[in-house]
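Read off the chains here:
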Amino acid sequence: MTQLSAAPKQPAEGARATTDSSKALYGGKSTRRITVRDITTAKERGEKWPMLTAYDAMTASVFDEAGIPVMLVGDSAGNCHLGYETTVPVTLDEMTMLSAAVVRGTSRALIVGDLPFGSYQEGPVQALRSATRLVKEAGVGAVKLEGGERSHRQIELLVESGIPVMAHIGLTPQSVNSMGYRVQGRGEEAAQQLLRDAKAVQDAGAFAVVLELVPAELAAEVTRTLHIPTVGIGAGPETDAQVLVWTDMLGLTGGRVPKFVKKYADLREVMGNAVRAFADDVVGGTFPLEEHSVH
Ligand code: KIV
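These numbers come from a predicted model, not from an experiment.

*Asks:* Where do I start with the UniProt feature "active site" (unreviewed entry) in the chain in this structure?
*Replies:* In the UniProt entry, the feature "active site" (unreviewed entry) is given for E212. Assessed through its relative accessible area of 12%, E212 is described here as buried. Filtering out sequence-adjacent residues up to four positions away, E212 remains in contact with H168, I169, G170, L171, P173 and I233. Only 2.9 Å separates the side chain of E212 from the side chain of H168, close enough to count as a polar contact.

Structural data, given as structure tokens:
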């Protein structure tokens, strides 16, 4: 699908591009694949950047053409793509297949593959074995895993082995059975723990860290404290980057979405209307017409 991907278009009119440098992650001129080094230098320039989840080649190609510089093949695929209730049942085989599709559908974005629950918690060697599959079989440029201090040994070994790691702290959905879906880092003790987690993943060599559902002031403090970029989701406006789950921000997710989501489209309505129009045409005999027929 790589042939579908074209050079990214310039930021939409009114978009908040923080720099007009040709090196900018969003709106920059480069059409080569973005690397973790580009992410590091963006923080040095003070450039903010967008990240979206992606789970299939065709959707990913749309995001790539729009200039989204980093895509996460998140294990949110569990709820948003595979029909599970949570991310917990997602397997490494599933993540490998979805990640490979997203890599094939893109030519510019850095693709980060998520390590699913059970594929790295046993220890660093298991983490390396799992991450190696995502890198070798799917072709991702980096992996993501959940946990701060508790995951620092896994991060260290992956980074030593040449695999860039994006960490993920705050709300970690793979721990839903023990943690629930609650704001993290509220209160002095919890805030100190979040800061320790952030420092631990930076010291272990992570190139970026996702902060999920933490108070905006705390996320701002973490962002000021770390030299690696923070990627916020429900973490206020001061993080270096922002990530959203694509089915939430484009309005495909059915039912309620979290308060921190901004809905930029209503694909559920658009698709539902189109599908009903097709069905009505078939039932009413107005599709196909002569122009859709071959002779
Ligand atoms: O799996 C995922 O989509 C994620 C994002 C919410 C950061 O981890």
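On we go from here.
*Asks:* I tried to follow the UniProt feature "binding site: Mg(2+)" (unreviewed entry) in the chain on my own but got confused; where do I start?
*Replies:* Per the UniProt record, the feature "binding site: Mg(2+)" (unreviewed entry) sits at D75, D114 and E146. Look at the named residues: they lie 72 residues apart in sequence, but the longest C-alpha span between them is just 10.8 Å, so in the fold they bunch up. Restricting the annotated residues just mentioned to those that line the second largest pocket leaves D75 and D114. Relative to the assigned elements, D75 resides in the loop between strand 2 (70-73) and helix 3 (77-80). Judged by relative accessible area, which is 4%, D75 ranks as buried.

*Asks:* What am I meant to see in the side chain of S99 here?
*Replies:* For S99, the location among the structural elements is in helix 4 (residues 92-104). Contact partners of S99, with chain neighbours within four places excluded, come to V73, G113, L134, A138 and V140.

*Asks:* Is there a simple way to explain the packing of helix 5 (residues 124-138) against helix 6 (residues 152-160) in this structure?
*Replies:* In helix packing, the relevant descriptors are the interaxial angle and the interaxial distance, both defined with respect to the helix axes. Close contact between helix 5 and helix 6 brings their axes to 8 Å; oriented N to C, the two are set at 50°. As the angle between them shows, helix 5 and helix 6 are arranged oblique. As for the relative orientation of helix 5 and helix 6, their crossing is right-handed in sense. Residues P124, V125, A127, L128 and A131 of helix 5 form the contact with helix 6, whose participating residues are R153, Q154, L157 and L158.

The rules behind these values
- Residues numbered from 1 in each chain as written.
- Predicted model: local features only at pLDDT ≥ 70, side-chain atom pairs only at ≥ 80, totals over all residues.
- Heavy atoms only, no water.
- UniProt positions renumbered as here; feature names shortened; annotations may be inferred.
- Buried < 20%, exposed > 50% of the residue type's maximum accessible area, 1.4 Å probe, protein only.
- Contact = heavy atoms within 4.5 Å.
- Polar contact = N/O pair within 3.5 Å; in protein donor to acceptor, adjacent residues only side chain to side chain.
- 1 Å grid on protein atoms, 1.4 Å probe; cavity = no way out; pocket = protein on both sides within 12 Å on 5 of 7 lines; lining within 4 Å.
- Helix = DSSP H or I, 4+ residues; strand = E, 2+ residues; numbered from the N terminus.
- Axes fitted to C-alpha atoms, helices over the stretch in contact; angles between N-to-C directions.
- Parallel < 35°, antiparallel > 145°, perpendicular 65-115°, else oblique.
- Left-handed = near helix turned anticlockwise from the far one by under 90°.

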